[in-house]
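Analysis of the macromolecular model
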Amino acid sequence: MPVIQALRTTISDGAVDHPIFLGFLAAADLATVAEVPSFSAGSTNDAIARNILNPPVKDWQRPVIESKWKAIRDKFSQQGELMPNPVLLAVGDPSLVSVDRQKLHGQYTDIYEIDVQLGSPTARKALWILDGQHRVRGLSESSNKANAIPLVLLHDDGKTTYTPQQFAKVFAEVTTSATPLNELHGDWLKYAFKLDQYQAGSDSWKAMTAAAVLCDAQQVGTPPQANPFHGRIQFNPEIPPQPAIAGGFSYSALAIKEIFRSDYFGRPNATLPPRELADQVALAVLALRASDATTTTASAFFGDRSHKQTYIQDAFIAGVCRYLGKLGVPKDWGSVLASLNFTGANWDLSSWVNTTGGNAGNVSKRVANQIFRQVFEASALPTGTSDLPAYLQGDQAEIVIRTSSLDSSGKASRKGQSDTKYVIGGTKTLNLGSQRHVRLAAMTNNIGKLDVVNRAQPFDKTYSTTNLKRGLVLPSAPGQAQLTLRAEYFGSVDGELRLTLTWA
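Scope of this entry: the structure provided in the associated data block. As the structure is a computational prediction, the values presented were derived from the model and not from experiment.

1. Focus on the sheet that holds strand 14 (residues 418-423)
- Pairing in this open sheet of four strands is antiparallel, and the strands run 14-13-16-18 from one edge to the other. On the outer flanks of this sheet lie strand 14 and strand 18 (472-473), each paired with one strand and no other.

2. Focus on the side chain of Asp156
- In this fold, Asp156 is placed in the loop between strand 8 (148-154) and helix 5 (164-175).
- Here Asp156 sits buried without a salt bridge, and the closest side chain of opposite charge, Arg8, lies 9.1 Å off (N-O distance).
- Only 2.7 Å separates the side chain of Asp156 from the backbone nitrogen of Tyr162, close enough to count as a polar contact.
- Among all residues touching Asp156, those that are not within four sequence positions of it are Pro19, Thr161 and Tyr162.

3. Details of the packing of aromatic side chains
- Applying the stated criterion across every chain, the model contains 26 aromatic pairs.
- Ring centres of Phe342 and Phe372 lie 6.4 Å apart, and the angle between their planes is 65°; on these two criteria the pair is classed as edge-to-face. With Phe342 in the loop between helix 11 (333-339) and helix 12 (358-378) and Phe372 in helix 12, this residue pair connects regions lying 30 residues apart in the sequence.
- We note Arg289 situated over the ring of Phe302; from NZ or CZ to the ring centre the distance is 5.1 Å.

4. Points about the pairing of strand 4 (residues 87-91)
- Of all the five residues making up strand 4, five are buried; the element is thus mostly covered by neighbouring parts of the structure.
- Side-chain alternation along strand 4 places Val87, Leu89 and Val91 on one buried face and Leu88 and Ala90 on a second face that is also buried.

5. Let's talk about the sheet that holds strand 2 (residues 17-26)
- Pairing within the open sheet is mixed, and its eight strands lie in the order 3-7-4-8-2-1-6-5. Only two strands of the sheet have a single neighbouring strand rather than two, namely strand 3 (34-35) and strand 5 (97-104).
- Sheet analysis places strand 1 (residues 3-12) next to strand 6 (residues 107-116), joined by five bridges and oriented antiparallel. Pairing of Val3 across the sheet is with Asp115, part of strand 6.
- Along the sheet, helix 4 (residues 133-140) contacts strand 4, strand 7 (127-131) and strand 8; its crossing angle with strand 7, the most-contacted strand, is approximately 115°.

6. A closer look at the packing of helix 2 (residues 45-53) against helix 7 (residues 203-216)
- Two numbers describe how helix 2 lies on helix 7: the axes approach to 8 Å, and their chain directions differ by 135°. Between helix 2 and helix 7, the angle is such that the two are oblique. As for the relative orientation of helix 2 and helix 7, their crossing is left-handed in sense. Between helix 2 and helix 7, the contacting residues are Asn45, Asp46, Ala49, Arg50, Ile52 and Leu53 on the first element and Thr209, Ala212, Val213, Cys215 and Asp216 on the second.
- Per-class residue counts for the contact of helix 2 with helix 7 are six nonpolar, two polar and three charged.

Criteria and thresholds
- Residue positions are given per chain, counting from 1 as you read along its sequence in written order.
- Under the rules for a predicted model, residues below a pLDDT of 70 receive no local features and side-chain atom pairs below 80 are neither given nor counted, while totals for whole chains, interfaces and linings still include all residues.
- Processing note: side-chain calculations cover all non-hydrogen atoms of the structure and skip hydrogens and water entirely.
- Only strands that DSSP links by at least two bridges are regarded as paired with each other.
- Numbering goes from the N terminus for both helices and strands, where a helix is a DSSP run of H or I of at least four residues and a strand is a run of E of at least two.
- Partly exposed residues are those whose accessible area sits between 20% and 50% of the maximum for their type, while under 20% is buried and over 50% is exposed, using a 1.4 Å probe and protein chains only.
- Positive charge is attributed to Lys and Arg, negative charge to Asp and Glu, and no charge count is given to His or to the chain ends.
- Salt bridges are defined by distance alone: a side-chain nitrogen of Lys or Arg within 4 Å of a carboxyl oxygen of Asp or Glu.
- Polar contacts here mean pairs of N or O atoms no more than 3.5 Å apart (in protein, one a potential hydrogen donor and the other a potential acceptor; neighbouring residues in sequence count only if both atoms are side-chain atoms).
- Contacts are assigned to residue pairs that have any heavy atoms within 4.5 Å of one another.
- Working definition: a ring pair exists when centres of Phe, Tyr or Trp rings (six-membered ring for Trp) sit within 6.5 Å. Plane angles under 30 degrees give stacked, over 60 give edge-to-face, the rest tilted.
- Placement of a positive charge over a ring is assigned whenever Lys NZ or Arg CZ falls within 6 Å of the ring centre and within 35 degrees of the normal to the ring plane.
- Between N-to-C directions, angles cover 0 to 180 degrees, with each direction set by a line fitted to C-alpha atoms, over the stretch in contact for helices.
- Comment on the angle field: the value is read as roughly parallel under 35 degrees, roughly antiparallel over 145, roughly perpendicular from 65 to 115, and oblique elsewhere.
- Take the far helix as your reference; a near helix turned counterclockwise from it by less than a right angle gives a left-handed crossing, and one turned clockwise gives a right-handed crossing.
- For this classification, the nonpolar set comprises Ala, Val, Leu, Ile, Met, Phe, Trp, Tyr, Cys and Pro, the charged set comprises Asp, Glu, Lys and Arg, and every other residue, Gly included, is treated as polar.

Have a look at this one:
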């Protein structure tokens with residue numbers, strides 16, 4: 001039974017005094033009573049998801065790095081090497097730890113003896129290593145394992161002043177000064193202990209709960225169906241994300257959590273509990289797989305590397321979330337997708353997509369999200385278009401130009417205001433007559449970017465998209481402006497409208 005001789009002090013956080021013990025223990029002894037509550041490099045994603053869904057969370061630190069502890073072992077087995085750096089410990093099982101203040105000649109001293117029990121061979125060890133796991137492991141297996149390691153121990157000492165949340169927060173903070181936590185690990189660690197944006201009941205907490213449930217659940221729906229996302233959403237940073245079904249829908253917990261947050265829990269009418277949202281997303285993806293008649297390898301949803309489109313997959317999940325928020329749970333996702341002609345659409349986009357990289361990727365992402373959110377919330381295709389792939393390419397893309405007279409203050413007057421729609425393509429003329437105010441009032445969601453050029457003066461920014469959206473006062477004298485409006489759609493596909501404005 002190892003005994004730590006230590007000094008005791010307290011540190012206040014402004015509300016509570018926290019006991020802290022400063023002492024020493026031989027490296028070999030420390031290794032027998034202290035452990036790292038960590039997941040392993042081989043921990044499955046669903047095991048981690050299940051762990052953080054069911055407190056108390058058992059394994060929340062990162063795996064030991066074999067090369068690091070072995071390097072410490074080899075270095076400090078040599079003569080002339082000294083390790084004075086303390087390790088940071090916390091009491092994981094208070095029932096195995098007792099503290100006795102020492103006396104001398106009947107008077108209390110500043111020395112405390114901390115007895116640490118070994119516990120059963122199958123039980124968790126008494127102490128948690130919050131910082132220094134590689135030092136403990138390396139030094140305990142070195143030729144100098146009997147050397148004492150300085151330590152700092154966080155222990156309630158008869159009072160409840162520490163919580164597992166505090167230990168996790170301390171771990172997350174001290175570890176960033178050495179090797180920063182992987183972003184994915186850091187986020188679900190905060191979720192598990194309800195830290196920062198993951199306070200219980202927050203939008204982010206609900207969204208991460210839905211992501212964990214989606215990964216953990218083996219079956220969804222009634223009657224039960226196999227959940228395609230089971231074990232495939234990345235929670236372990238050491239295991240790359242895996243496609244949920246065929247070649248599609250590969251997510252880290254961070255990525256799908258953010259879709260759930262921005263497109264469901266962070267919006268009005270988010271009444272479904274996280275478990276129900278997860279269930280519905282899985283059912284919608286299963287229905288999509290049954291509805292997509294495109295050859296599997298060529299599908300934007302389920303295809304191989306040259307065919308799948310991540311932005312389209314993300315937009316589908318976002319669309320499903322928007323449907324649930326606006327219209328509630330459907331009787332059958334297959335019927336919803338049929339009404340949007342998913343079955344009749346050709347989801348092989350490779351023949352017309354130019355690129356979704358670079359700036360075109362930002363535009364493509366915006367277009368896909370705008371379109372899928374629109375059609376799922378309306379549960380209807382845009383007027384005049386046959387299917388979503390056609391609309392993504394720019395079918396029925398149009399703008400609205402609003403013209404107005406000027407009031408006495410020189411601003412646009414609502415009296416006599418008129419809107420004119422123009423489908424992108426061809427050459428058109430708009431005669432404003434005596435009206436002097438023109439504004440780009442709207443454009444369809446399949447237009448991700450619109451550039452406007454004055455053909456007579458290509459470098460003149462008077463008729464820029466920004467100025468037209470704000471509203472532009474035309475010169476008082478009769479004139480005209482010959483404009484080229486270039487619209488960019490999904491996949492860097494574009495269309496052009498040549499519009500001449502004339503005014504008297």
